[in-house]
Amino acid sequence: MPKTIRIAMWSGPRNLSTAMMYSFGARTDCHVMDEPFYAAYLATTGLSHPMRDAILKSQPVDPKTVEMSLLEPVSVPFSYQKHMTQHMIPDMPRTWMRDVVNVFLIRHPARVVASYAAKREGPVLDDIGFVQQAELYDHAQSLGQNPIVIDSADIRRDPATKMKQLCAEVDLPWDPKMLSWPKGGHAADGVWASHWYGAVHGSTGFAGAEGPLPDLSPEYQEIVAQALPYYDRLAAVKI
C-alpha cells in the first residue's frame, strides 16, 4: 500500500477546526479523525466537561492506544487528524509527531475566549490551548520539521486562496470539493458534536470574515493578555 501522508492539525478550541475537518473530509482521498485524545485527556485529568461520560465510553482512554491508532494504515492516500492542543498534557505521547506533517491553526485569543465562554463558563488559560500550541510547535521544530502555521481569519477572508496554499504546503493536490460540505455533520464527528458543533452543522462552507474583536469582561481580558504572546509568536510565521 502506498505511504499515507498524515496531517496533524493542531488547534485550540473554538477555532475553525471542525470546519477544517469537514473541508478535508469532503475529499474522496482523505480519511479524517476527530480529537482522538479527548477521552484520554478527560480520563487522565479528571476534568468535568460537557458529555464527559459519553466521551469516555466512545474512545480509548489509554494514550498509547490512541498513539497507535494515529499511525494505522488507511485505504486512501491522505489522513487528516484534528487535534486539540490543550489535550496534549505531559502524559500524552509525542513520538508519533515525527511521522506526520504538523500544521498549527491559530485564532486571535479574544475571539477564542468569547466563543469558549459562551459554551463553557469560566475558562482559564490552560483551557484554550495557546501555551500548549507554542510548546507543540517547538517540539515539531525539535524533530527537524518546519511546521506550518495558518490563521483561521485568513481562511475565512479568502477560503479558496488560503486552502490552495495550505494544500501546496502539505503536498496535497488541490481539490475544490474542500470549499463545501453537506449540512448536518460528518460521519467522523465525535460524540460531543451535539454540544459543540451546532453552528458548523448548519453550514455548507467556511463562514465569512469576522468583524471587530469582541468586548470582554476584565477577567476574560486578562486571559487574552496571557495568551496573546503565544498567538503573536506563531502569527509571525504564518503562511
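The structure we're discussing is the one just above.
All residue numbers refer to position in the chain's written sequence, counted from 1. Confidence filtering applies because this is a predicted model: local features only for residues at pLDDT of at least 70, side-chain atom pairs given and counted only at 80 or more, and all residues used for totals across whole chains, interfaces and linings. Only hydrogens and water are set aside; all other atoms, that is, all heavy atoms of the structure, feed into the side-chain values.

Draft legend 1. Fine view of the packing of aromatic side chains. Put simply, two rings from Phe, Tyr or Trp (the six-membered ring, in Trp's case) pair if the centres are within 6.5 Å, and we call them stacked under 30 degrees between planes, edge-to-face over 60, tilted for the rest. Evaluated as defined, the whole model comprises eight aromatic pairs. With a centroid separation of 5.7 Å and an interplanar angle of 35 degrees, the aromatic rings of Trp10 and Trp96 are classed as tilted. In this pair, Trp10 is assigned in strand β1 (residues 5-11) and Trp96 in the loop between β3 (78-84) and β4 (101-106), connecting sequence segments 86 residues apart. Each member of the pair, Trp10 as well as Trp96, is classed as buried. Ring geometry for Tyr116 versus Trp196: centroids 5.9 Å apart, planes at 35 degrees, classification tilted. Here Tyr116 is found in helix α5 (residues 109-119), whereas its partner Trp196 is found in helix α10 (residues 193-196), with 80 residues between them in sequence. Buried residues are those whose accessible area, probed at 1.4 Å on protein chains only, stays under 20% of the maximum for their type, while exposed residues exceed 50% and partly exposed ones sit between those limits. You can call Tyr116 buried: its relative accessible area is 4%. These aromatic residues form a ring-pair network of at least three members: Trp10, Phe37 and Trp96. Any Lys NZ or Arg CZ that is within 6 Å of a ring centre and within 35 degrees of that ring's normal is treated as a charge sitting over the ring. Between the NZ or CZ atom of Arg27 and the centre of the ring of Phe78, over which it lies, the distance is 5.7 Å. Labels follow the DSSP assignment, with helices taken as runs of H or I lasting at least four residues and strands as runs of E lasting at least two, numbered in each case from the N terminus.

Draft legend 2. The arrangement of the pairing of β4 in detail. Of all six residues that make up β4, five are buried, and the element is covered over most of its length. Here, strands pair whenever DSSP counts at least two bridges between them. Looking at chain direction, β1 and β4 are connected through five bridges and run parallel. Bridge pairing links Ala8 to Asn102 in β4.

Draft legend 3. Fine view of the pairing of β3. For β3, a buried count of seven out of seven residues is recorded, marking the element as mostly surrounded by other parts of the structure. Residues Phe78, Tyr80, Lys82 and Met84 line one face of β3 and the alternating positions Ser79, Gln81 and His83 line the opposite face, and both faces are buried. As defined by bridge partners, β1 adjoins β3 across seven bridges and the pair is classed as parallel. Within β3, the residue paired with Met9 across the bridge is Lys82. Note that strand β2 (residues 30-34) and β3 share five bridges and pair parallel. Looking at the pairing, Asp34 lines up with Lys82 of β3.

Draft legend 4. Spotlight on the sheet that holds β1. Read across the open sheet, the five strands follow the order β2-β3-β1-β4-β5; overall the sheet is parallel. This sheet does not close on itself; its edge strands, each paired only once, are β2 and β5 (148-151). Across the sheet, the axes of successive neighbouring strands diverge by a mean angle of 20 degrees, strand direction being ignored. Bridging between β4 and β5 involves four bridges; their strand directions are parallel. When the sheet's bridge partners are listed, Leu105 is paired in β5 with Ile150. Here a residue-residue contact requires only that any non-hydrogen atoms of the pair lie within 4.5 Å. Axes here mean lines fitted to C-alpha atoms, for a helix over just the part in contact, with angles spanning 0 to 180 degrees between N-to-C directions. The strands touched by helix α7 (residues 130-142) within the sheet are β1, β4 and β5, with β4 carrying the most contacts at an inclination of about 155 degrees. Packed on one face of the sheet, helix α9 (residues 159-169) meets β1, β4 and β5 and runs near 170 degrees to β5.

It is worth stressing that arrangement in space is one thing and function is another; only the former is reported here.
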